[in-house]
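# Structural overview for review
Here is what each chain is made of, one letter per residue.
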Amino acid sequence: MPTLKSYKKKILETTHHIATTEGDVKSITFKKIAAVAGIKVKDIENEYSNMADVFYDTGCMHIGHHEARSKKILNLSGEYAMGTMIKHDLGLLIYYTRDSAKENLDPVTKRVLNFVKNYIETVMPEYYFKILIKSPTLIPNKNLNAKLYASFIIHSMFFYTKEEVISLEPNSKELTKITQKLIVSLFSGSKEEMKIEQD
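Bear in mind the structure is a predicted one, so any value in this text is a computation, not a measurement. (Residues numbered from 1 in each chain as written. Predicted model: local features only at pLDDT ≥ 70, side-chain atom pairs only at ≥ 80, totals over all residues. Heavy atoms only, no water.)

This brings us to the packing of helix α4 (residues 51–73) against helix α5 (residues 78–101). At a minimum axis separation of 10 Å, α4 and α5 run at an interaxial angle of 170°. With respect to their mutual orientation, α4 and α5 come out roughly antiparallel. In this structure, α4 contributes H62, I63, H66, R69, S70 and I73 to the contact, and α5 contributes A81, T84, M85, H88, D89 and L92. Classifying every residue of the contact of α4 with α5 by side-chain character gives five nonpolar, five polar and two charged. (Axes fitted to C-alpha atoms, helices over the stretch in contact; angles between N-to-C directions. Helix = DSSP H or I, 4+ residues; strand = E, 2+ residues; numbered from the N terminus. Parallel < 35°, antiparallel > 145°, perpendicular 65-115°, else oblique. Contact = heavy atoms within 4.5 Å. Nonpolar A, V, L, I, M, F, W, Y, C, P; charged D, E, K, R; others polar.)

Now the structure itself:
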């Protein structure tokens, strides 16, 4: 008996595409995903029994892609790695901050946001810590603890996710501009022109 073709990856990528382009996850259904992905509703039902699991797996997939990119950024040189990592993470924090601020969040969205929150609080700081250990001259004061300063960098980024500071869906150019402002506030003046890898 032939095995069924798995459409899981296509389902999750399509769900993420709809969510980021339309913004209203409540309108996403098996039928809508099928229409956009060019597959049958039955193909989705073979993989998932409900939208809650689709949303959760989509969130996990997105974080997985985000972390894979973070690991590649670690291979860049000190200042280049720091500037690029900040810009990379700002994009994620912007959407997390705004989704978290919405009222009457449904259980599915809360579940995904808790997963992202855990990543931001426990995993993300480790990437900045590794950059600071690799390039200790980035720390503005030699008496500062690298692990604590790594967490402070992330804490500082949240100020730049506010709507009055940056648009709802910032493009690469706008993210670069905000990243440069953040770099100036976090590091010495000599880091004002810190290089940032462009998308």
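Attention now goes to the pattern of salt bridges. Here the structure, examined in full by the defined rule, presents four salt bridges. Between D57 and K8 there is a salt bridge, with the nearest N and O atoms lying 3.8 Å from each other. Placement of the pair is D57 in helix α4 and K8 in helix α1 (residues 8–22), with a sequence separation of 49 residues. Here K117 and E121 are joined by a salt bridge, their closest N and O atoms 3.0 Å apart. Of this pair, K117 and E121 both sit in helix α6 (residues 107–134), four residues apart, which is roughly one turn of the helix. (Salt bridge = Lys/Arg side-chain N within 4 Å of Asp/Glu carboxyl O.)

Let's shift gears to the side chain of H66. Position of H66 relative to the elements: it lies in helix α4. With near-sequence residues (within four places) excluded, H66 lies in contact with H88, D89, L92, Y119 and M124.

For T179, the location among the structural elements is in helix α8 (residues 172–186). Residue classification places T179 among the buried residues on the basis of a relative accessible area of 0%. With residues up to four places along the chain from it excluded, the contact list for T179 reads G83, I86, K87, L90 and I196. (Buried < 20%, exposed > 50% of the residue type's maximum accessible area, 1.4 Å probe, protein only.)

Just geometry here; none of it tells us what the structure is for.
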